[in-house]
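So you can see what is in the structure, the chains are spelled out below.
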Amino acid sequence: MDTLHYLGIGLAHIFTLQDIVVLVAGILVGMAVSIMPGLGLVMGVVLALPFTYRMSIEPSIILLTAIYVSGTYAGCFTAILYRIPGEPMDVPLLWDGYAMAQKGQPAKALGWALVAALTGGLFSSAVMVTLAVPMSRVALSFGPPDYFAAVFFGLTTVVALAGTSLINSFISLFIGLLVATVGVDPIYGAYRFTFGSPILENGVPYVMVLVGMYGLGEVFNRLGQGLKLHGEPKRDVQVKTDFPSLKELWSIRRTLLRSSVIGTLLGIVPGAGATVTSFISYGIEKQYGERRHLLGTGMPEGIVAPQVGSTASVAGHMIPLLTLGIPGSGATAVILAAFLLHGVQPGPMLFTDPASKAVVYTILASLFVGVIGMCLVGFLWIRVVVRVLRIPQGVLSAIVVMFCIVGAYANRNSVSDVWVIVVFGVLGYAFEKLKFPISPMVLGVILGPLAENSYMQTMISYHNDWTVFFRERLSGTLMVVSILAMFFPLLRHLLLKRKRDRGPSVDSQRRHGA
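Note that this is a predicted model, so its numbers are computed, not measured.

Caption draft 1: Structural detail: the overall build of the protein chain. Counting secondary structure elements, the protein chain contains 22 helices and two strands. Going through the 514 residues of the protein chain one by one, you find that 54% of them count as buried. Nonlocal contacts in the protein chain, meaning residues at least 24 apart in sequence, comprise 78% of its contacts between residues at least 6 apart. When the accessible surface of the protein chain is summed, it comes to about 22900 Å², and 66% of that surface belongs to carbon and sulfur atoms.

Caption draft 2: Spatial organisation of a nonpolar patch on the surface. A cluster of nonpolar side chains, namely Trp466, Phe470, Val480, Ile483, Leu484, Phe487, Leu491 and Leu494, defines an oily patch on the protein surface of about 770 Å² accessible area. One can find isoleucine 483 in helix H22 (residues 473-513). Residue isoleucine 483 is classed as partly exposed on the basis of its relative accessible area, which comes to 31%.

Caption draft 3: Spotlight on the packing of helix H14 (residues 300-324) against helix H15 (residues 330-341). Between H14 and H15, whose axes approach to 11 Å, the crossing angle comes to 30 degrees. Along this stretch, H14 crosses H15, giving a crossing that reads as right-handed. Across from His317, Met318, Leu321 and Leu322 in H14, the residues of H15 making contact are Thr332, Ile335, Leu336 and Phe339. Split by residue class, the contact of H14 with H15 holds six nonpolar, two polar and no charged.

Caption draft 4: Broad picture of the environment of arginine 192. When you line up the elements, arginine 192 lands in strand S2 (residues 191-192). On the accessibility criterion, arginine 192 (17% relative accessible area) is buried. When the C-alpha atoms of arginine 192 and valine 182 are compared, they prove to be 5.5 Å apart, with 10 residues separating the residues in sequence. Setting aside its immediate chain neighbours within four residues, arginine 192 contacts Thr181, Val182, Gly183, Val184, Asp185, Pro186 and Glu452. Among the polar contacts listed, one links the side chain of arginine 192 to the backbone oxygen of threonine 181, at a separation of 3.1 Å. At a separation of 3.0 Å, a polar atom in the side chain of arginine 192 contacts the side chain of aspartate 185.

Caption draft 5: The arrangement of the pattern of salt bridges in detail. Taken as a whole, this structure holds five salt bridges when the rule is applied. Residue arginine 192 is joined to aspartate 185 by a salt bridge in which the shortest nitrogen-to-oxygen separation is 3.0 Å. The pair arginine 192 / aspartate 185 is uniform in exposure class, with both members buried. The residue glutamate 452 makes a salt bridge to arginine 192 at a minimum N-O spacing of 2.5 Å. With glutamate 452 in helix H20 (residues 439-461) and arginine 192 in strand S2, this residue pair connects regions lying 260 residues apart in the sequence.

Caption draft 6: Looking closely at the side chain of threonine 362. Turning to its location among the elements, threonine 362 is positioned in helix H16 (residues 354-380). Residue contacts for threonine 362: discarding those within four places in its chain leaves Gly10, His13, Ile14, Asp19, Glu58 and Ile62.

Caption draft 7: Expanded view of the packing of aromatic side chains. The full count for this structure, using the stated rule, is seven aromatic pairs. Ring centres of phenylalanine 431 and phenylalanine 436 lie 5.7 Å apart, and the angle between their planes is 45 degrees; this geometry places the pair in the tilted category. When the ring of tryptophan 466 is compared with that of phenylalanine 470, the centres are 6.4 Å apart and the planes differ by 90 degrees; the resulting orientation is edge-to-face. Its relative accessible area of 40% is what places phenylalanine 470 among the partly exposed residues.

Caption draft 8: Layout of the confidence of the model for the protein chain. Overall, the prediction assigns the protein chain a mean pLDDT of 76, with 82% of residues at 70 or greater. In the model, residues 229-235 has pLDDT below 50 throughout and makes 13 contacts with residues more than four positions away in sequence or in other chains.

Caption draft 9: Local environment of helix H9 (residues 166-180). If you check H9, its first and last C-alpha atoms are 21 Å apart, about what 15 residues at 1.5 Å a residue would give, namely 21 Å. Among all positions in H9, only Leu166, Asn168, Ser169, Phe170, Ser172, Leu173, Gly176, Val179 and Ala180 are buried.

Caption draft 10: Structural context of unusual backbone geometry. For phenylalanine 193, which is not a glycine, the phi torsion comes out positive at approximately 55 degrees. Along the chain, phenylalanine 193 turns up in the loop between S2 and helix H10 (206-225). For phenylalanine 193, a relative accessible area of 43% puts it in the partly exposed group. If you check the backbone angles, asparagine 464 has positive phi at about 60 degrees while not being a glycine. Examined against the element boundaries, asparagine 464 turns out to sit in the loop between H20 and helix H21 (468-471). With a relative accessible area of 61%, asparagine 464 lands in the exposed category.

Caption draft 11: Spotlight on the side chain of aspartate 96. Here aspartate 96 shows up in helix H6 (residues 91-102). We classify aspartate 96 as buried; its relative accessible area is 0%. When sequence neighbours within four positions are dropped, the list of residues in contact with aspartate 96 reads Tyr282, Leu294, Leu295, Gly296, Thr297, Gly298, Met299, Gly302 and Ile303.

Cut-offs used in this document
- Residues numbered from 1 in each chain as written.
- Predicted model: local features only at pLDDT ≥ 70, side-chain atom pairs only at ≥ 80, totals over all residues.
- Heavy atoms only, no water.
- Helix = DSSP H or I, 4+ residues; strand = E, 2+ residues; numbered from the N terminus.
- Buried < 20%, exposed > 50% of the residue type's maximum accessible area, 1.4 Å probe, protein only.
- Contact = heavy atoms within 4.5 Å.
- Areas by Shrake-Rupley, 256 points an atom, 1.4 Å probe, with all protein chains shown as cover.
- Patch = residues over 30% accessible without salt bridge, like charges linked within 9 Å, V, L, I, M, F, W, Y side chains within 5 Å.
- Salt bridge = Lys/Arg side-chain N within 4 Å of Asp/Glu carboxyl O.
- Axes fitted to C-alpha atoms, helices over the stretch in contact; angles between N-to-C directions.
- Left-handed = near helix turned anticlockwise from the far one by under 90°.
- Nonpolar A, V, L, I, M, F, W, Y, C, P; charged D, E, K, R; others polar.
- Polar contact = N/O pair within 3.5 Å; in protein donor to acceptor, adjacent residues only side chain to side chain.
- Phe/Tyr/Trp six-rings, centres within 6.5 Å; stacked < 30°, edge-to-face > 60°.
- pLDDT = per-residue confidence, 0-100.
- Expected span 1.5 Å × (residues − 1).

This is the structure:
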């Protein structure tokens, strides 16, 4: 009953003028950026971050969360209509979505995507509200070893899932952790890696890293590929939404439930972003679905599974962020940065004070309202949103650069911060060219100080006995799971290589015996 009481308070707060305005603005921004290839929802959240400086904590998080939620849905428009995935998470969606549109049913495909987004969003939001308080109570029992193990778990799972090269993921993570150490040591007060520069004495602001790596880095990448100054003409498509019938929905009820559960559970795992949940949801449907052999030919299950999985992952990511202070994706890392910019550390203490608890439940309520509002906007304004595709890349890139520079300067009114984002923009461009994943570095910058503080507190409290991380029940379990997650890709690679090496010899033996 206490949960329902605070959720009711949160719903009442949502429908105040300020909160509802920023919620609608976030939905529109998220839908606009997610349909533009190369921009994406993470960059949308990053570009919106500077606008939250003058806001209070509640509307700031509502704005960023609304962008995140709607960004997982709007990419279906371009994927289904034009076979252009606005985000990597939209790739599985177009396999059946575009095929259905080619059969003369684009309206039906858009209807399936909208219903899938609504189902996944509401299901995962309900699960999040249910698990938030129990997880916060568990988190209150965390000591410094447990908290370090939890942060370590977040770092290692991101490395394991970030890219095709485990070595490159490790290097990216270590660079992020190195950047996080620049400035004054929090325990001893010594200067580290400042090289006598006053600019670095206060450390490298994580906001600058986010804006530089994701914002300017993408613009530099486009410059390297050659910007198109004129929009490409797109063929006219009859854009409307045709909802599936109740009978059709009942026929794929297992897909809806299965993908909702997968998306929510994988969302709770740090590092399993919307892209991962989208591909896994489609893959499981391909393996275990009732009509798995028809997927890829324009089947509803091929649209519903990845859309439900990606949208459901959003609320799943908010669970470890709000209860443990651990972001599970690039977008939630930016939302964590917004919390910290307003002097609020997400974690179990948010659920102990009535005032902060009301703010948390307002954020939780905004997910329910945001999912419904996202679908209403998608149904009513789809014609307007799709026209954004006609903006030339040169104009779009100029707008992104303008937002990046203004946001960097407004953070501390310092021109030095503008140079910082330029440096990290170049680094982001280099990462893209050298095939290094950006996500581990960004999360390393965010989680590095948290890991260092909890590690140093543990060493001081336990007299430099590092075995305490493995002797305590909770921290030991998390550390073992983290190590397994970290080395699982390597073990899988070795097993596959061994199987390939043994294959030819076995075949030759069989031929010889024959």
